Every structure is written in C-alpha cells, then in structure tokens.
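Structural overview for review
Each chain, written out:
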Amino acid sequence: MHDAQEQGTRPALPRSWSPAGVAFLAIALSCAIAAALVVWRHLGQRHEEQMHAHLASHSAELVLKVSERFHTYRMLLRGGQAFLRSREDLDLDVWRTYLQRLSFQEDFPGVQGIGFAQWIWPGQLEAHTRAMREFAGSDYRVWPEGQREFLSSIVVLEPADWRNARAIGYDMYSEPVRREAMDRAVRSGEPALSGKTVLVQETETDVQAGVLLYMPVFGDGMPVATEAERWAALRGWVYLPFRMASLMRQMLDQHAGQIRVQVFDRIHAPEALLYDSHPGMPESGSGRVSTERAMLGGVEWIIRLEALPSFDAEHDIRQAEFVSVVLVGVLLVVTALFFVITRERAARLARTTESLRRSEAKYSALVNLAHDGIAATDADFRLTFVNPGFVALVGRDESRLLGRSLDELWADGGGESRDVILARLGEGESKRYEVRLTRGDGRQLTVLVSLAPLNDGWGHMKGAIALLSDITERKEAERRIAHMATHDILTGAVNRLMFGELLGYAFVQARRSGHRFALLFIDLDHFKRVNDEMGHYVGDLLLCEAVRRMQGSIRSSDALGRRGGDEFVVLLPEVGAATDAEIVAEKIRGALEKPFVLEGREVRISSSIGIAIYPEDGNDDHELMCRADEAMYRAKLGGRNRACRVR
Ligand SMILES: Nc1nc2c(ncn2[C@@H]2O[C@H](COP(=O)(O)OP(=O)(O)OP(=O)(O)O)[C@@H](O)[C@H]2O)c(=O)[nH]1
C-alpha cells in the first residue's frame with residue numbers, strides 16, 4: 001500500500017538520468033567547450049607572438065648578414081685604396097692587374113664589379129682623354145657631354161665584361177645621387193654608400209635599382225687630415241657598384257618563398273624601394289611585419305620583412321596543440337559521462353537495494369507471522385529454512401528439522417515418492433498433497449502441503465518452497481457433516497436416506513452375483529411406556545443402548561438403520577439361507593430382551609422383528625420393505641418379543 005502510494009505521487013523514470021546528472025554533464029561539456037575556446041584563443045595569441053619572434057629573428061639575422069657583407073666590402077675598398085695610394089703615379093695597367101687577380105666575385109659575392117673613378121681637375125679633361133685613349137682605346141670619352149666644373153671618369157671597371165664596359169668614361173660626379181655619396185666619402189675619408197640609383201650598366205631588361213659604395217683615393221704622401229686637404233689630395237674613388245636584386249638574392253637563400261623582403265633607402269616609401277623579393281604584391285596590413293634598420297656607409301637602410309602565408313603555415317602548430325586540447329576535453333567529457341553513468345547506476349542500485357530491503361522485510365514479517373508452515377528445501381528435498389509457523393505445526397525444534405528430508409515428516413507421502421515429487425518440481429509443476437503428519441508430541445494431523453519449485457536464474461530447479469496448512473479440524477468437521485447427513489443424530493445408526501442407498505446397492509450386488517440378502521424390520525415393544533413412565537430422556541438412552549446392542553449382534557459388513565421412533569432396519573447383504581437371517585434376528589431379539597440399567601434403574605423391553613429375504617419375499621426395496629414390515633406386524637400380533645417371516 002505504501003509502495004503504491006509512493007509510485008502514484010512520484011513516477012519512477014528508471015531508464016532516464018537524474019536532473020543532477022544531466023546538469024553535471026552539461027557543465028562538463030560547457031567547461032570542455034569553454035576550455036577549448038580559451039585554449040584556441042591563447043594558441044592564436046601565442047602563435048602571433050611566435051610569428052613576430054620568428055620574423056624579428058629573421059630580420060635581425062638579415063641585418064647582421066648585410067652589415068657583415070658591407071663590412072667585407074669596405075675591407076675590399078680599403079685594400080684598393082691602400083694599393084692605389086701606395087703608388088706615386090696612377091698606373092692603370094697595374095691597377096687592372098691587381099683587380100683581375102682579386103677574384104672578388106668568389107670572395108665577395110653580390111658585387112657587380114670593382115672600379116676606379118678618376119677625379120679630373122678643372123682644365124685637365126683633354127690631357128686625361130688623350131692619356132686614356134692610349135690606355136683604353138681611341139673611342140674613350142668622358143660622358144655625358146657638357147660643361148661642368150668638376151669631372152670624374154670611370155677608367156677601370158672589372159670584370160671587363162660587356163655590361164661593365166658600358167660604364168667606362170661615365171662621369172658619376174655628374175649625377176646628383178652618386179655625387180652626394182662621392183662628396184660624403186671625401187668629406188669623411190670613409191666609405192660612403194649612395195642612395196637609390198640605376199647603374200649605367202643596366203640594359204632595358206631586368207632593370208634593377210642600384211647603389212654604389214665609394215672609397216676616396218688620395219695621393220701618396222699627401223696630408224688628408226682635413227676636408228680641404230682631402231679634396232686637394234683626391235685622386236678619385238675606388239668603388240663597388242651593386243645591382244640590388246643580385247646583391248640581396250645572394251643573402252636570401254632561406255625562406256625565399258615564405259618571407260617577403262623589402263629594402264628601402266632611408267625612408268619607407270615606394271620611391272625609396274631598393275629591393276622587393278615579391279615585386280607588385282600589395283603590402284600586408286595584417287601586422288606580421290618586422291622592420292629593422294641598418295647603417296651602411298653612412299646611409300640607413302630600412303629592411304622590412306613580411307611573413308607570407310606559407311611561413312605562417314610552417315610555424316603553425318596550433319592545430320596539433322588544439323587537437324591535443326580537444327582530445328583532453330573529449331577525455332574530460334567521457335570521464336564526466338562515465339562518472340554520471342556510474343553515479344546514476346549507483347543511485348538506481350541503491351533504490352533497488354532499498355526496495356528489495358523493504359520488500360524482504362515485508363515478506364520476512366509475513367513469513368514469520370504466518371500461521372501456516374512455510375519451508376524451503378534444497379534440490380534433494382532437504383529442509384533449508386522453516387518459519388515459526390512450521391515449527392509450531394510439526395511440534396519439533398528447528399535445529400532437528402533443518403537438513404531433514406521434508407517427506408520424512410509424513411507417513412503416507414501423499415501417495416507419491418520423493419523421486420516422483422522432485423521430478424514434478426523439476427518440470428516446473430506445482431503440486432498439492434494431503435498428508436497425515438505425526439507431530440513431535442505424537443498427535444496426528446491432516447496437513448495440506450503445497451509445493452512449488454524454486455528455480456535459479458537459468459531456470460534450473462534448485463529447491464522447493466513448501467506451504468503446510470493444518471486441515472485436521474476441517475477434515476473432522478467434514479467427516480462429522482458427512483456422518484450427520486447419513487446417520488441418525490441420536491443413535492448413530494444409518495439414517496433412512498443412507499439405508500435406502502445401501503439397500504439399493506444390496507439389490508445391485510445380489511442381482512449381479514445371484515446371492516440372497518435379508519432385511520430385518522425391528523420395532524421395540526411398548527416403548528411408549530418407557531417414555532411415559534421414565535421420561536423421554538431415559539427413552540433416548542434406551543434407544544442409544546438398543547442400537548449399541550444391535551450393532552453388537554451383527555457384522556460390520558451389515559448395516560443398521562433407524563426408520564424413525566423405535567423402528568429399526570437391518571440389512572444383511574449376503575445370506576446363505578433364510579435361517580441365517582432368523583439366527584441374526586434371534587440374536588438381536590435376545591440382546592434387546594436383556595434388562596437395561598438406565599439412570600440407576602432397570603428397564604426391560606422386548607422387540608418384534610419381521611424378516612424378508614430377497615429374492616423370495618420381494619424384488620425391489622419397496623416390496624421387500626413391505627414384506628419385512630408385514631412380518632414385523634405378524635410378530636406383534638403373535639404376542640411380541642419374537643421374529644416372524646411372512647411366506
Ligand atoms: N424417547 C423417545 N421416544 C420416541 C422417539 N421417537 C418416537 N418415540 C416414541 O416412541 C413411541 C412409539 O410408540 P409406538 O411404537 O407407537 O407404540 P409402542 O408403545 O411401542 O407399542 P407397540 O409398538 O405396539 O409395541 C411413541 O410414544 C413415540 O413418542 C425418540 O426419539 N425418543
């Protein structure tokens with residue numbers, strides 16, 4: 001009742017999860033997703049920082065490389081300066097030989113050539129041209145044409161290939177960008193790098209920006225401490241022309257396709273662009289840019305590095321890291337899921353256990369309180385459990401019962417052997433037996449035994465459950481009711497109804513086997529007097545005692561019936577001759593004739609008996625009964641206390 005109410009108010013959802021479990025799982029899932037987002041964001045930031053660091057490292061490396069390279073170039077120019085200054089006269093043949101033996105293109109990569117530009121003092125142009133035509137050929141001339149106060153001319157430029165040959169005679173001092181660097185070199189006495197220009201060696205194809213590094217050359221032994229002295233001692237400039245793309249490609253062997261390199265002359269502007277590894281590409285606004293500055297020959301170069309998508313991809317380990325984090329997240333969620341499932345199962349198990357515990361307590365109380373005997377047996381029918389009702393019913397100690405075979409308790413076994421009972425139970429059959437059981441105190445009981453198999457989880461019989469109900473009283477009541485229905489209440493003799501049944505059966509038997517049977521009709525003589533003189537109670541006692549005496553006079557197979565009042569009938573189911581019936585009638589008469597002592601007083605009575613024999617005296621019960629009755633009246637009329645037969 002209690003369980004039913006609980007189930008009615010709170011419907012159980014055994015297969016669904018509890019709200020707490022679902023909430024926990026949702027929180028775990030949300031945490032995992034949030035953690036993944038945070039980590040992804042952090043990875044993105046870190047990746048950006050790493051990109052910048054990588055890019056900054058590359059640009060610093062490039063600046064270092066360029067600076068070192070220019071340091072080497074300066075050394076080369078200083079060597080040339082020292083060589084030319086050491087000679088009193090400018091011997092161009094010796095100078096050319098010196099340059100040719102330098103093999104500078106292998107030792108000083110990126111250089112377009114090395115040359116010497118001679119300083120031509122005002123008014124010295126003709127003499128210079130004459131002298132140079134002897135050295136360089138008749139087509140030598142200083143160009144571009146035009147009147148200028150100060151002139152210079154490239155007189156030697158190695159290697160003397162077709163490209164460099166185009167520059168011979170060129171007055172670099174006539175061009176402002178070169179002149180600025182040439183002046184600066186003289187003013188400082190140090191190497192000076194020019195701004196952006198285009199070398200005269202350029203043709204119409206692959207035109208590149210160019211720069212030139214100048215080193216002033218002074219006359220041998222002349223003072224050069226001041227700027228004026230340096231101008232006075234100036235012989236010219238040893239110089240290095242650079243094609244910027246060729247120069248930079250020498251230094252950009254790594255990450256060529258991953259990083260865009262741009263070099264600007266002093267300002268970050270298109271017109272100052274000296275070199276662009278990816279010309280024509282618009283500049284990125286993504287911010288993955290590193291800019292460094294390098295001081296080279298008195299000029300500041302801006303070196304700008306820009307990461308390209310392939311550079312980003314090579315250094316991008318975010319995906320691997322993110323996958324790791326996602327895996328950790330998945331692991332977290334799976335762990336949470338496992339935790340929730342385990343928790344739900346534990347809760348369900350606890351509920352089931354509690355329910356089982358309650359159920360067990362309930363059934364245990366029922367079993368212990370039950371008036372009937374309840375027992376359990378093993379597969380061999382030996383008792384393994386008995387309840388208090390069982391102990392009380394059989395009247396034996398529990399310790400003496402456990403281990404005993406259940407069928408030992410009853411004598412008749414209910415009509416079936418133990419093996420038969422076990423075979424029935426093994427087939428899953430329940431059975432009821434009515435047995436006679438002897439209690440420990442010797443009392444006999446009629447017990448109804450209900451047996452049911454007890455199976456394991458695989459359907460195999462592992463024992464039996466027995467319910468024993470004491471039906472002794474019920475049986476006795478049934479017997480009494482049956483007796484009352486067929487016997488006279490006062491005397492216990494068979495009643496009219498039952499006697500009729502017995503008489504009918506006697507006819508059947510006699511007809512079937514052809515034997516004879518006899519019917520005696522007995523009426524007590526003057527019984528009314530007993531009632532009248534001694535009271536009805538004594539009359540009753542006399543009737544009962546008379547029946548007892550008549551029962552003693554006949555066989556157990558004979559039947560004594562009371563017709564009513566003081567009339568009785570006796571059925572002798574099988575008689576050999578009529579005299580057999582007469583003998584029994586005489587025996588009854590004699591028994592009833594003896595005095596009765598009732599309530600302390602002697603009472604005498606006699607009887608009149610009529611005899612009828614089948615088949616001679618009648619062929620059916622009515623006829624036979626009439627004959628016997630008639631014979632009894634004959635006895636009455638004949639003076640009573642005798643037996644007669646009407647023939
Ligand atoms: N005490 C007692 N008397 C009974 C019972 N049934 C009938 N009687 C009496 O039994 C008597 C039977 O009398 P009858 O058979 O008619 O006459 P009788 O006195 O026996 O005389 P005869 O039969 O002619 O010898 C009656 O007085 C009935 O009242 C009974 O159950 N108990």
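Residues numbered from 1 in each chain as written. Predicted model: local features only at pLDDT ≥ 70, side-chain atom pairs only at ≥ 80, totals over all residues.

As a reminder, the rule being used: UniProt positions are given in the numbering used here, feature names are shortened, and annotations may be inferred rather than shown by experiment.
As annotated in an unreviewed UniProt entry, the chain is Diguanylate cyclase from Aromatoleum toluolicum. Per its UniProt entry, the chain bears the Subcellular location (unreviewed entry) comment "Membrane".

1. Details of helix α9 (residues 244-251)
The condition that has to hold: Any residue whose C-beta has 12 or fewer other C-beta atoms within 10 Å is treated as exposed, any with 20 or more as buried, and any in between as partly exposed, C-beta atoms being built from the backbone. Secondary structure elements follow DSSP: runs of H or I no shorter than four residues count as helices, runs of E no shorter than two count as strands, and numbering proceeds from the N terminus. What the arc describes is the spread of directions from the helix axis to the C-beta atoms. In this description, any two residues whose backbone-derived C-beta atoms lie within 7 Å of each other are considered to be in contact.
Within α9, the full set of buried residues consists of M244, L247 and M248. The buried residues of α9 all sit within an arc of 90 degrees when viewed along its axis, so they share a single face. Next to the buried residues of α9 lie β4 (210-218), β5 (234-243), β6 (259-265) and β7 (273-276).

2. A short note on the confidence of the model for the chain
Heads up, the condition is: Along the chain, pLDDT gives the predictor's confidence residue by residue, from 0 to 100.
Per-residue confidence for the chain averages 88 on the pLDDT scale, and 95% of its residues sit at or above 70. The low-confidence segment residues 1-14 (pLDDT under 50) makes 2 contacts with residues lying over four places distant or belonging to another chain. Both confidence scores are given for the complex: pTM 0.49, ipTM 0.97.

3. A word on the site of the ligand
Cut-off, in case you're wondering: The C-beta atom of each residue is placed using the backbone, and any residue whose C-beta lies within 6 Å of a molecule or strand is treated as near it.
Near the ligand lie 15 residues; those nearest to it are F527, K528, H536, G539 and G565. Counting residues per element, the ones that place at least two in the shell around the ligand are β15 (516-524), α17 (527-534) and α18 (536-553). Here the shell around the ligand takes 4 residues from α18, the largest share from any one element.

4. A word on the pairing of strand β12 (residues 431-438)
Remember that side chains alternate between the two faces of the sheet whenever the strand is regular. Test applied: By this definition, two strands are paired if DSSP reports at least two bridges between them.
Both β12 and strand β13 (residues 444-455) contribute to a ladder of 8 bridges, which runs antiparallel. Within β13, the residue paired with V435 across the bridge is V447. Connecting the antiparallel pair β12 and β13 is a turn made up of 5 residues, with G442 showing a positive phi of about 90 degrees.

5. Considerations on the sheet that holds β15
Rule in force here: Lines are fitted to the C-alpha atoms to define the axes, a helix being fitted only along its stretch in contact, and any angle between axes, read from their N-to-C directions, falls within 0 to 180 degrees.
Spatially, β16-β17-β15-β20-β21 is the arrangement adopted by the 5 strands of the open sheet, whose pairing is mixed. Each edge of the sheet is formed by a strand with only one pairing partner; in this case those strands are β16 (559-564) and β21 (642-645). The mean angle between the axes of side-by-side strands here comes to 25 degrees, regardless of whether they run parallel or antiparallel. Inspection of the sheet shows strand β20 (residues 607-614) paired to β21 by 4 bridges, in the parallel sense. Looking at the pairing, G610 lines up with C644 of β21.

6. A short note on the environment of A56
Looking at where A56 falls in the secondary structure, it is placed in helix α2 (residues 19-85). According to the C-beta neighbour criterion, A56 is partly exposed, with 14 such atoms within 10 Å. Sequence separation between A56 and L305 is 249 residues, and the spatial gap between their C-alpha atoms is 8.2 Å.

7. Side note on the sheet that holds β6
The antiparallel open sheet is built from 4 strands, whose spatial order is β7-β6-β9-β8. Of all the strands in the sheet, the pair left with one neighbour each is β7 and β8 (289-296). Neighbour-to-neighbour, the strand axes of the sheet open up by a mean angle of 20 degrees, direction not taken into account. Of the strand pairs in this sheet, β6 and strand β9 (residues 299-307) are connected by 7 bridges, and their pairing is antiparallel. Note that in β9 the partner of I259 across the bridge is A307. Taken strand by strand, α2 contacts β6, β8 and β9, and its axis lies near 15 degrees from that of β8. Helix-sheet contacts for α9 involve β6 and β7, and the interaxial angle to β7 is about 45 degrees.

8. Things to note about the packing of α17 against α18
When two helices pack together, their arrangement is given by the angle between their axes and by how far apart the axes lie. Threshold: In these notes the angle categories are as follows: under 35 degrees is roughly parallel, over 145 is roughly antiparallel, 65 to 115 is roughly perpendicular, and the rest is oblique. In this classification, the charged set is Asp, Glu, Lys and Arg, the nonpolar set is Ala, Val, Leu, Ile, Met, Phe, Trp, Tyr, Cys and Pro, and all remaining amino acids, among them Gly, are polar.
Direction vectors running N to C along α17 and α18 enclose 140 degrees, while the axes themselves pass 6 Å from each other. Overall, the two elements α17 and α18 adopt an arrangement that is oblique. Taking contact as the criterion, the partners of F527, V530, N531 and M534 in α17 are, on α18, H536, V538, G539 and L542. Here the residues of the contact of α17 with α18 are counted per class, giving 5 nonpolar, 3 polar and no charged.

9. Brief notes about unusual backbone geometry
As a rule of thumb, non-glycine residues mostly have phi less than zero, and peptide bonds are mostly trans rather than cis. The omega angle of the peptide bond from W143 to P144 is 10 degrees, so this bond is cis rather than trans. One can find P144 in the loop between α5 (125-136) and β2 (151-158). In this model, E158 is joined to P159 through a cis peptide bond whose omega is -5 degrees. Secondary-structure assignment places P159 in the loop between β2 and α6 (162-165). At F381, a position not held by glycine, the phi torsion is positive, near 75 degrees. Looking at the secondary structure, you find F381 in the loop between β10 (373-378) and β11 (383-386). In this structure F381 comes out as buried when scored by C-beta crowding, with 20 C-beta atoms within 10 Å. Of note, the phi angle at R640 is positive, near 65 degrees, even though the residue is not glycine.

10. Comments concerning the pairing of β10
Pairing geometry for β10 and strand β14 (residues 461-470), over 6 bridges, is antiparallel. Within β14, the position partnered with T377 by the bridge is A464. Inspection of the sheet shows β10 paired to β11 by 3 bridges, in the antiparallel sense. Counted as the bridge partner of T377 is L383 from β11. Where β10 folds back on β11, the antiparallel hairpin that results is connected by 4 residues, among which F381 adopts a positive phi of roughly 75 degrees.

11. Here's the deal with helix α20 (residues 621-637)
Keep this limit in mind: Given the number of residues in a helix, its expected span is that number minus one, multiplied by 1.5 Å.
For α20, with 17 residues, the first-to-last C-alpha span of 24 Å sits near the 24 Å given by 1.5 Å per residue. By the burial criterion, the buried members of α20 are L624, M625, R627, A628, A631, M632 and A635. Seen from one end, α20 has its buried residues packed into an arc of 160 degrees, which puts them on one side. Facing away from the buried side of α20 by more than 90 degrees, the exposed set consists of H622 and L637. Looking at the buried positions of α20, the neighbouring elements they touch are β15, β20 and β21. G639 occupies a position one or two residues after α20 and carries a positive phi of about 115 degrees.

12. Section: the nonpolar core
Where we set the bar: Each nonpolar core consists of buried Ala, Val, Leu, Ile, Met, Phe, Trp, Tyr and Cys residues. Their C-beta atoms, within 7 Å, join them into a set.
Counting 64 residues, the largest nonpolar core has Y214, W237, Y239, L240, M244 and V263 as its most contacted members. If one sorts the elements of this core by residue count, α2 sits on top with 8 residues. Setting aside residues no more than four positions away along its own chain, M244 makes contact with Q208, A209, G210, V211, V263, L274 and Y275. Membership of the second largest hydrophobic core comes to 44 residues, among which are A493, I522, A581 and Y614.

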